Amino acid sequence: GENVEQHPSTLSVQEGDSAVIKCTYSDSASNYFPWYKQELGKRPQLIIDIRSNVGEKKDQRIAVTLNKTAKHFSLHITETQPEDSAVYFCAASSNTGNQFYFGTGTSLTVIP
Amino acid sequence: EAGVAQSPRYKIIEKRQSVAFWCNPISGHATLYWYQQILGQGPKLLIQFQNNGVVDDSQLPKDRFSAERLKGVDSTLKIQPAKLEDSAVYLCASSPTLNTEAFFGQGTRLTVV
């Protein structure tokens, strides 16, 4: 089955700086890569996703890049704000494997 | 649009007891997932349904866990008997079909004492 690894496990940045979280996956059939944000005590919510037919996608301060050859994808948050503080999870799934697996999470703290 | 509904929100049981969780997905969503999230870890997929059929249950401890989605709508997850290590948040999620955004419920926090 799929194995998704995520780094770093914790990340602290100053407000206004950028944050980068990286994930790798093992199943070459994976073609859908969402990122979820989970605030303390709340449900995970999708913030951005990318499919394998594109290399990059951007939504305001958030962007995701995908390198299918290397089997890794990254979340980039620019101009970080205190409300960006949360745990971020990457995930990967494929049509063939029919599996939806999450990484271990990154706890992001934005210091005002 | 109503979200994914789960109940109960919290449950405390003694080890070796049984417990059941209920999930009602977003209307029209064919795919339903049950995840176990232990504190400080990522959600772990337990079972995935497409309509009323099981797509993946490879990580479901079948000696004690069972799940069903009889009419292809709502679903129940049962643990019998519970162990201390089952203490976690159990998240239900649904998506329109496979390989699309999953919408999560609020989760059920289970504590086994």
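Below you will find a few notes about this structure. Since the model is a prediction, treat every value here as computed from it, not as a measurement.

It is worth spelling out the interface of chain A and chain B at this point. At the interface, 19 residues of chain A touch 23 residues of chain B. Buried surface at the junction of chain A and chain B, both sides included, amounts to about 1700 Å², of which 47% is carbon and sulfur. Where chain A touches chain B, the interface holds 0 salt bridges. Linking chain A with chain B are 9 residue pairs in polar contact (both at pLDDT 80 or more). Counting only elements with at least two residues in the side of chain A that touches chain B, the list comes to strand S4 (32-38), strand S5 (45-51), strand S9 (86-93) and strand S10 (100-102) of chain A. Its residues placed into classes, the side of chain A that touches chain B shows 8 nonpolar, 9 polar and 2 charged.

On to the sheet that holds strand S6 (residues 56-59) of chain A. Residue and element names in this part refer to chain A. Taken together, 5 strands build an open sheet; the order of strands is S1-S3-S8-S7-S6 and the sheet is antiparallel. In this open sheet, the two edge strands, each paired with only one partner strand, are strand S1 (4-7) and S6. Between one strand axis and the next, the sheet turns by 15° as a mean value, whatever way the strands run. Looking at chain direction, S1 and strand S3 (residues 19-25) are connected through 4 bridges and run antiparallel. Bridge pairing in S3 places His7 opposite Lys22.

Within the structure shown, the criterion is met by 13 aromatic pairs over all chains. Plain terms: the ring middles of Phe33 of chain A and Phe73 of chain A are 4.8 Å apart, the flat faces sit at 45° to each other, and that makes the pair tilted. Of this pair, Phe33 of chain A sits in strand S4 while Phe73 of chain A sits in strand S8 (residues 72-77); the two residues are 40 residues apart in sequence, bridging distant segments of the chain. For Phe33 of chain A, a relative accessible area of 0% corresponds to the buried category. Here Phe73 of chain A falls in the buried class, since its relative accessible area comes to 0%. Taken together, a centroid distance of 5.5 Å and an interplanar angle of 85° make the contact between Tyr36 of chain A and Phe104 of chain B edge-to-face. Taken together, the positions of Tyr36 of chain A in strand S4 and Phe104 of chain B in strand S10 (residues 103-104) put the pair across two chains.

Parameters and conventions
Residues numbered from 1 in each chain as written. Chains lettered and ligands numbered in written order. Predicted model: local features only at pLDDT ≥ 70, side-chain atom pairs only at ≥ 80, totals over all residues. Heavy atoms only, no water. Contact = heavy atoms within 4.5 Å. Buried area = accessible area lost by both parts, 1.4 Å probe. Salt bridge = Lys/Arg side-chain N within 4 Å of Asp/Glu carboxyl O. Polar contact = N/O pair within 3.5 Å; in protein donor to acceptor, adjacent residues only side chain to side chain. Helix = DSSP H or I, 4+ residues; strand = E, 2+ residues; numbered from the N terminus. Nonpolar A, V, L, I, M, F, W, Y, C, P; charged D, E, K, R; others polar. Pairing = 2+ DSSP bridges. Axes fitted to C-alpha atoms, helices over the stretch in contact; angles between N-to-C directions. Phe/Tyr/Trp six-rings, centres within 6.5 Å; stacked < 30°, edge-to-face > 60°. Buried < 20%, exposed > 50% of the residue type's maximum accessible area, 1.4 Å probe, protein only.

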